[in-house]
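# A look at the structure
What follows is each chain in one-letter form.
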Amino acid sequence: MGQKDLTVRFCGIAGDGIVTSGKIWSRASARLGLDLMVNDNFSAEIRGLGKSTTDIRISSNRVLSMGDGIDVLVAMTGKDAIADLAHLKDGGFVIYDTEIDDDSIADHVLSAEIPDGIRSYPIPLTRISNENTQNTIARNIVSMGALSYLVGLDPSMFVDIIESILKRKSEKLAAKNVAAFHAGRQFCEEHYGEHTSIDAPGGASDASLINGNEAIAYGALDCGLKFFAGYPITPATKIMEICAKELPKLGGWMLQSEDEIAAISAVLGGWFAGKRSMTSTAGPGLALMSEMINLGVMAEVPLVIANVQRGGPSTGLPTKVEQGDLNIALYGGSGDSPRIVMAPTNAEECYAGIKLAFDLAEKYQSPLIFLSDLFLGQHTVVNRIDRSQDLNRSTRVKPNEGELAGYNRFADSETGISPWVAPGEDGAFYSITGLEHSDTGNPNFDAAVHERMQAKRYRKFESMMAELPAPTTIGDDDAEIGITCWGSVTGSVIEAMELAREEGIKSKLMVSMMINPQPEAYFRAFFDSCREVIIPEMNYSGQYAALMKSRYGIRPVEMQIPSVTLPSPKAIAEKIKEVHYERIAETPRLTVV
Amino acid sequence: MNVLQKRHVLQSFERAKERKAREFRDNLPTWCPGCGHFTPLLGLYEAADELGIATKDFVCVSGIGCSGRFPFFIKGFGLHALHGRAIPVATGVKLANPELTVVAVGGDGDGVGIGGGHFPHAARSNFDLTYLLLDNAIYGLTKGQTSPTSPVGMISGTSPYGNIANPLNPTTMALTFGATYVARVFSQDRENVSRLIKEAIAHRGFSFVHVLSPCVEFHKTVTYDSWEDRVSSLPEEYSPDDRVAALGRSESKEPIYTGLFFRETGPSYKEKAAEIVESLRN
């Protein structure tokens, strides 16, 4: 019996090939039929001696989070990896270079710190790299060979992948690197035995990988996106880059604007012209877009904004994760300014969710903010998205002949939706404005008109409620502890529930991609069935908890998941246990002294 | 109000009556009698009529300010956007549906104040837009504050001791930013207003018309009279094909030249983008 779950951390500085190591390891794992999740951790600076790490968790079960701790540390540098030793789990091991910088000092620095219970595998990575490639740059490939041997994986898959990556550069380079890979394996075979083995289901040679940013971009392209305008910002830029490349192939266009204000302005113009349009951004960009979002609300023009959250406020922590933009998404506008807010919980929901986002925004003529985050956006997972379905359809409500005669752009209706004629279409014309206006669209500041139009704009959200997807529920129906959360922490929460269950503590989860509006009836029934509700989220002030409290009148146990680092399933499980023993259990928690 | 200004006010009423008879109209303008904006509005009607642009294909995008009300007075699709954002919104409309004729309208505060960051990029990109900048050298809708084109020394609520910042010259800006059609016209010059707006709309790429359009209500120093004394048509021998020569003329203070400063033909943004899209189709 091998190991079911294994997390490897590749640690180094710029030029150590950390990202390449991660790519090779994750591709090979996916082809072995393993599920996986990748977490790249860069400093915000591109060059210099900034440390970078890539963690890859692989498992024969579904990987929902990065879990807690690492099993293997592959240290390309000595000193920088010392801090990472603390994350190694008992029984784990560390691979390190005995010849860093041509003197053997660095490895001693590291080896002296290796704690008990951790096996170390010193390997002359630099020397082996030099011998095989006449260069030190293939150290990461040597370490990959060593790693594949120590965890008992078949080398052929790795060789294929190394060749496919490097053959594009040159055949000779590929051959040298393959030799370096084998030499790394051979060294371990000669000096050490296999450390462990992994249960690999096998048979998924066509497995591909995807991250949330890619899923959002492909989802948008697959559901009829025609126009994209954006401004580069970490960690959302990838969405824009994919659209730049792919949209022209579909007859559309990506415009790189001079700033986020121009980008959202152009997107509003695109929607005004009746075409599916979007932008992507992160917190600081969303703040700049606030005024145009308000125009979208007032003039009933759809907007689709994929906001990939990063640490804030202000420029904040551009390369770190935080769920901090919920408030600005919900409330970031002057006046009463309702908007649709969605938050996908995984890559598949990024894809399916952005399609729903376009459908809702277009039908209800409303700005929509799609709250992804750095974790979702940049974490590579196995691609389970089926792109073969034709999702390309318009949900625009158009006027019938009767409505076209005496057409009013903002005609009131039961649903609040007014039939929409776009420029270039016959039969009617009108002007829209950010000023309050009557049914015709002409400015009008009468109190009665303002009240009626406000009610119309809000009524759309009530109408929408009927077609929202039901929330996801997971866990034991009879559990007394309920959990609700949003976005990317959901995977860690599900894993935490399993950990608590191992201790006999039941819990249940309700989570919806729809933040506003939300399928409220489900949530009310759910909260009614719970004695205690826990709301874990990755921000300081409890933004989602505040929304839940005001919307449902509940008094939840709020849990702040520290941002920057990734959510720890163990810590969330601990909170579930704490709530159980302190508020529900009749017998106190047993503590081992 | 002196005699000359009274004459302008009367003329503007005449124009308001006249424009009711034209095809491109909707609501009656809400501007002050005598406002400089009536003539460019009329010019836009005439241009659209003469170029045969269908109502359904005509989109007027504006910013905020007195000029921002343009869309409501036009028979066509209108988009009264945000302060300073007429250009980027118009860009989105045009890129999403290149079949539409898109005209952006704004004032001096809107275009070179709050929205000043968009102007260079629309010009350098050569988007297929016409941009009318109605320059009255004052913030009119907020009742007369100093604007980015106000003269040095101007007294207003926001510069009670006299404006000490140099004014911007929108014509020079357009020339420097790389606009491919640049004209300046005095709003009193009815014939040339219509002619230049029509030419601008027909131009392929980014066309810019700087309209000197007095605010009769609030401006005490920049008026019909002050401009009438200073404007002069570009000399007959002037040829609008040299950007550097055009800059010399646009910077001239006495006289303030009007007419077509510069025109360059070449592929517009729309045409270049279409070429890429077409190449990917194969």
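Just so it is clear, the model here is predicted, and its values are computed rather than measured.

### With respect to the overall build of chain A
- Looking only at helices and strands, one finds 20 helices and 21 strands in chain A.
- For 593 residues, the compact-globule estimate of 2.2 N^0.38 gives 25 Å, and the C-alpha radius of gyration of chain A, at 27 Å, lies within 12% of that figure.
- For chain A, the spread of C-alpha atoms along the three principal axes comes to 85 × 65 × 40 Å.
- Here chain A, with 593 residues, has 52% of them falling under the buried criterion.
- Counting contacts in chain A only where the partners sit at least 6 residues apart, residues at least 24 apart contribute 74% of the total.

### Focus: helix H20 (residues 569-584) of chain A
Residues and elements named next belong to chain A.
- Its 16 residues give H20 an end-to-end C-alpha distance of 21 Å, which sits within 8% of 22 Å, the value for a rise of 1.5 Å per residue.
- Buried residues of H20: Pro 569, Ile 572, Ala 573, Lys 575, Ile 576, Val 579 and His 580, and no others. Down the axis of H20, the smallest arc covering the buried residues is 155 degrees, so these residues share one side.
- Of the surrounding secondary structure, the elements contacted by the buried residues of H20 are strand S17 (481-484), helix H17 (490-501), strand S20 (532-537) and strand S21 (557-560).

### Brief notes about the interface of chain B and chain A
- Each partner contributes to the interface: chain B provides 34 residues, whereas chain A provides 38 residues.
- Of all the secondary structure elements, the ones that give two or more residues to the side of chain B that touches chain A are strand S2 (77-80), helix H3 (86-96) and helix H10 (269-281) of chain B.
- Among the elements that make up the side of chain B that touches chain A, the one with the highest residue count is H3(B) (8 residues).
- Among the residues forming the side of chain B that touches chain A, the class breakdown is 18 nonpolar, 11 polar and 5 charged.
- Sheet topology places strand S15 (residues 431-433) of chain A next to S2(B); 3 bridges connect them, and they run parallel. Of the residues in S2(B), the one forming a bridge with Ser431(A) is Gly78(B).

### What to know about the sheet that holds strand S14 (residues 380-382) of chain A
All names here are of chain A.
- Strand order across the open sheet formed by 8 strands is S6-S5-S4-S1-S3-S2-S14-S7, with mixed pairing between neighbours. Both outer strands of the open sheet, strand S6 (119-123) and strand S7 (209-210), are each paired with one neighbouring strand and no more.
- Taken strand by strand, helix H1 (residues 18-31) contacts strand S1 (5-13), strand S2 (35-41), strand S3 (51-59), S7 and S14, and its axis lies near 5 degrees from that of S3.

### So, unusual backbone geometry
- Each neighbour pair has its own omega, and for Asn516(A) with Pro517(A) the value is -5 degrees, a cis peptide bond.
- Within the secondary structure, Pro517(A) sits in the loop between strand S19 (514-516) and helix H18 (520-528).
- Residue Pro255(B) is bonded to the preceding Glu254(B) through a cis peptide linkage, with omega at 0 degrees.
- Residue placement: Pro255(B) occurs in the loop between helix H9 (243-251) and strand S8 (256-263).
- The backbone phi angle of Gln134(A) is positive, close to 55 degrees, even though this residue is not glycine.
- In this structure, Gln134(A) sits in the loop between helix H4 (125-133) and helix H5 (139-150).

### Some details on the environment of Phe261(B)
All names here are of chain B.
- Along the polypeptide, Phe 261 turns up in strand S8.
- Phe 261 sits 18 residues away from Ser 279 along the chain, and the two C-alpha atoms are 35 Å apart.
- Those residues in contact with Phe 261 that lie beyond four places of it in its chain are Thr 171, Leu 175, Val 182, Ala 183, Arg 184, Pro 240, Ala 246, Arg 249 and Ser 250.

### Some details on the pairing of S21(A)
All names here are of chain A.
- Relative to S21, S20 runs parallel, the two sharing 4 bridges. Note on S21: the bridge partner recorded for Glu 537 is Gln 560.
- Viewed along the sheet, the connection from S20 through helix H19 (residues 543-552) into S21 turns out right-handed.

### Structural notes on the packing of helix H10 (residues 260-272) of chain A against H3(B)
- With their axes 6 Å apart at the nearest point, H10(A) and H3(B) run at an angle of 45 degrees to one another. Our classification of the angle between H10(A) and H3(B) gives oblique. You can see that H10(A) and H3(B) cross each other, and the crossing is right-handed. Seen from H10(A), the contacting residues are Ala262(A), Ser265(A), Ala266(A), Val267(A), Leu268(A), Gly269(A), Gly270(A) and Phe272(A); seen from H3(B), they are Pro88(B), Val89(B), Ala90(B), Thr91(B), Gly92(B), Val93(B), Leu95(B) and Ala96(B).
- Its residues assigned to classes, the contact of H10(A) with H3(B) shows 11 nonpolar, 5 polar and no charged.

### Quick notes on the packing of helix H8 (residues 212-222) of chain A against helix H9 (residues 237-246) of chain A
All names here are of chain A.
- Where H8 meets H9, the closest approach of the two axes is 8 Å, and the angle between their N-to-C directions is 40 degrees. The element H8 and its partner H9 pack so that their crossing is right-handed. Across the interface between the two elements, Asn 213, Glu 214, Ile 216, Ala 217 and Leu 221 from H8 touch Lys 238, Ile 239, Ile 242, Cys 243 and Glu 246 from H9.
- Split into classes, the residues belonging to the contact of H8 with H9 amount to 6 nonpolar, 1 polar and 3 charged.

### Quick word on the confidence of the model for chain B
- Predicted confidence across chain B gives a mean pLDDT of 92, with 91% of residues reaching 70 or more.
- Predicted as a complex, the structure gets a pTM of 0.94 and an ipTM equal to 0.94.

### As for the pairing of strand S6 (residues 207-212) of chain B
All names here are of chain B.
- Within S6, 6 of the 6 residues are buried, which leaves the element mostly enclosed by the surrounding structure.
- The alternating pattern of S6 places Ser 207, Val 209 and Val 211 and Phe 208, His 210 and Leu 212 on opposite faces, both of which are buried.
- Relative to S6, strand S4 (residues 130-135) runs parallel, the two sharing 6 bridges. By the bridge assignment for S6, Thr 130 is matched with Ser 207.
- Bridge analysis of strand S5 (residues 181-186) against S6 gives 6 bridges, and the strand direction is parallel. Bridge pairing in S6 links Arg 184 to His 210.

About the cut-offs
Residues numbered from 1 in each chain as written. Chains lettered and ligands numbered in written order. Predicted model: local features only at pLDDT ≥ 70, side-chain atom pairs only at ≥ 80, totals over all residues. Helix = DSSP H or I, 4+ residues; strand = E, 2+ residues; numbered from the N terminus. Rg over C-alpha atoms; globule rule 2.2 N^0.38 Å. Buried ≥ 20, exposed ≤ 12 C-beta atoms within 10 Å, placed from the backbone. Contact = placed C-beta atoms within 7 Å. Expected span 1.5 Å × (residues − 1). Arc of directions from axis to C-beta. Nonpolar A, V, L, I, M, F, W, Y, C, P; charged D, E, K, R; others polar. Pairing = 2+ DSSP bridges. Axes fitted to C-alpha atoms, helices over the stretch in contact; angles between N-to-C directions. Right-handed = clockwise from strand over helix to strand, strands pointing away. Parallel < 35°, antiparallel > 145°, perpendicular 65-115°, else oblique. Left-handed = near helix turned anticlockwise from the far one by under 90°. pLDDT = per-residue confidence, 0-100.

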